[in-house]
Every structure is written in structure tokens, then in C-alpha cells.
Amino acid sequence: MVKLGVFIQRELRLLARQKADWLNPVLFFIIVLCLFPLGVGPEPNLLRLMAPGIVWIAALLSVLLAAERLFKDDYRNGVIEQLVAARQPLLSFVLAKLVTNWLSTGLPLVLLSPLVALLLNLETPAFVALLLTLLLGTPLLSLLSVLGAALTVSADKGGILLALLILPLYIPLLIFASAAMEAATMALPYHGQLAIMLAMLLFALALVPLAVLSALKLNVS
């Protein structure tokens, strides 16, 4: 736990110095949400119908935008190699990356949900569904993006490869999150979709940190 706290403090200091790493995805998310109403027109009913797809496509692309550089600097500077060679607690390093990645990319999207509801003219039930799906979905997006970053950390131009690896894994989340918002818009129950999203999140929490650990060791070796 001590090591984990040290690594989290280190990652937060790096984010404070490199503000573009977390500001760019947030700005991208806001810009996409602002462009859609301008592109399709201000018709409230049309925006409400398109809102689930708009929100979640913007969210997954913004999280993906920040993923490529997650391990790049540490890999190039030899930090990961030193941690593996010295048999330091690499798992704490991975967990710190997971936590700070969600804090810098997922949490801002959750906090921006009232703005999303205003831009897309969402009613209260749809806004509640949006908030719940973001709370469950953004940690899963962060987990998958960290996994993709670990798998492609040694690739010279890993952005395209990262997208090819991770985007298919985003599809189930996109389907169930959008379905939950659509159901809320039509005043239908959406507990089943939330339960499936929770199950996917718990499954990823159990497996992804170990997979990231193995991927980093494989890339170093």
C-alpha cells in the first residue's frame, strides 16, 4: 500500500507538469459534443435520439486519445525496465497508472455530465442514466486503454495498433451503455444493462491489472 501511494503521488505530479496529457482528451470530448448540435441542427427531439451514441463515441475516443503515451515515457526512460530488473512491486506501478488514468480522463467526463445533458437537451431520467453509465463505463474504458498501452508500449508508432486492439473491446460497453440511455429516454427500465456493465467492470478489474503486468514484462524482456 505504501508503494502504491508513492506511485500515485508520482503519477499525479507528472500529470500536473504535463497538463496536455489530460486536458487534450477533455477538450476533445467537449468539442465533439459541441459540434454535433451544430452539425445536425438544434432540433431537441433529434438530439435526444442521438445522444446515447454521441456521448459514448466521444467518450471512448477521448479516452483512447490519452492512452498511447501512458507507458511510453517510462519505457523510453528505462523506468519500467528498472522496476522489472530490480524486482520492485511492478503491480503497484500498474495500479497507480490505472487509478490516475481514470482520475485524469474518466472522472472529468463524469463531472461534465451536466454540461452534456444541457448540450443534448436530455431530460432528468436520461441524465440519471448518463451519469450511472459514465460511473460504470469510464473505469472500464480506462482499464482497457491501459491494457492497450501496455501491449503496444514497445511499438514505434503504436497509435494505430492501439486503436485496432482496443476499439473492438469497447463495442460491448458502447452497446449496453447506449441501450441504457435509450431505455431511460423512453421511460423503460435499464437495470439489466447496468448489471451487465457492472459485471464487465468487475471482470476487467480482476484480469486487466495482471494482463498489463505480463505485457510490460514481455515488452521489457
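Residues numbered from 1 in each chain as written. Predicted model: local features only at pLDDT ≥ 70, side-chain atom pairs only at ≥ 80, totals over all residues. Heavy atoms only, no water.

Draft legend 1. Expanded view of helix α6 (residues 90-111). Over its 22 residues, α6 extends 31 Å from the first C-alpha to the last, a length consistent with the 32 Å expected when each residue adds 1.5 Å. At Leu103, α6 shows its largest bend, some 40°. (Helix = DSSP H or I, 4+ residues; strand = E, 2+ residues; numbered from the N terminus. Expected span 1.5 Å × (residues − 1). Bend = angle between axes of the 7 residues up to and from the residue.)

Draft legend 2. Quick look at helix α2 (residues 20-40). Its 21 residues place the ends of α2 30 Å apart at the C-alpha level, agreeing with the 30 Å of an ideal helix rising 1.5 Å per residue. Every buried residue belonging to α2 is among Pro25, Val26, Phe29, Val32, Leu33 and Pro37, and all of these are buried. The buried residues of α2 occupy an angular sector of 125° when the element is viewed end-on, so they sit on one face. Exposed residues lying more than 90 degrees from the buried face of α2 are Leu35, Leu38 and Gly39. (Buried < 20%, exposed > 50% of the residue type's maximum accessible area, 1.4 Å probe, protein only. Arc of directions from axis to C-beta.)

Draft legend 3. Focus on the environment of Gly53. By the secondary structure assignment, Gly53 is in helix α3 (residues 44-65). Considering only alpha carbons, one finds Gly53 and Ser178, 125 residues apart in sequence, at a separation of 6.0 Å.

Draft legend 4. The packing of α6 against helix α8 (residues 124-151), seen in detail. It is at 9 Å that the axes of α6 and α8 come closest, and there the two elements cross at 145°. Considering only the axes of α6 and α8, their crossing is right-handed. Of α8, the residues touching α6 (which contributes Lys97, Leu98, Asn101, Trp102, Thr105, Gly106, Leu109 and Val110) are Leu131, Leu134, Leu135, Thr138, Pro139, Ser142, Leu143, Ser145 and Val146. A breakdown of the residues in the contact of α6 with α8 according to their chemical character gives 10 nonpolar, six polar and one charged. (Axes fitted to C-alpha atoms, helices over the stretch in contact; angles between N-to-C directions. Left-handed = near helix turned anticlockwise from the far one by under 90°. Contact = heavy atoms within 4.5 Å. Nonpolar A, V, L, I, M, F, W, Y, C, P; charged D, E, K, R; others polar.)

Draft legend 5. Inspection of the layout of surface pockets at higher detail. Roughly 420 Å³ of internal volume is contained in the largest pocket. As for the largest pocket, its lining consists of 22 residues, and the residues nearest its centre are Gln18, Asp21, Ala66, Arg69 and Leu70. Those elements giving two or more residues to the lining of the largest pocket turn out to be α1 (2-17), α2, α4 (72-76) and α6. The element best represented in the lining of the largest pocket is α6, accounting for five residues. Within the lining of the largest pocket, the residues separate by chemical class into seven nonpolar, seven polar and eight charged. (1 Å grid on protein atoms, 1.4 Å probe; cavity = no way out; pocket = protein on both sides within 12 Å on 5 of 7 lines; lining within 4 Å. Points joined across faces, edges and corners; volume = space filled by probe spheres on them.)

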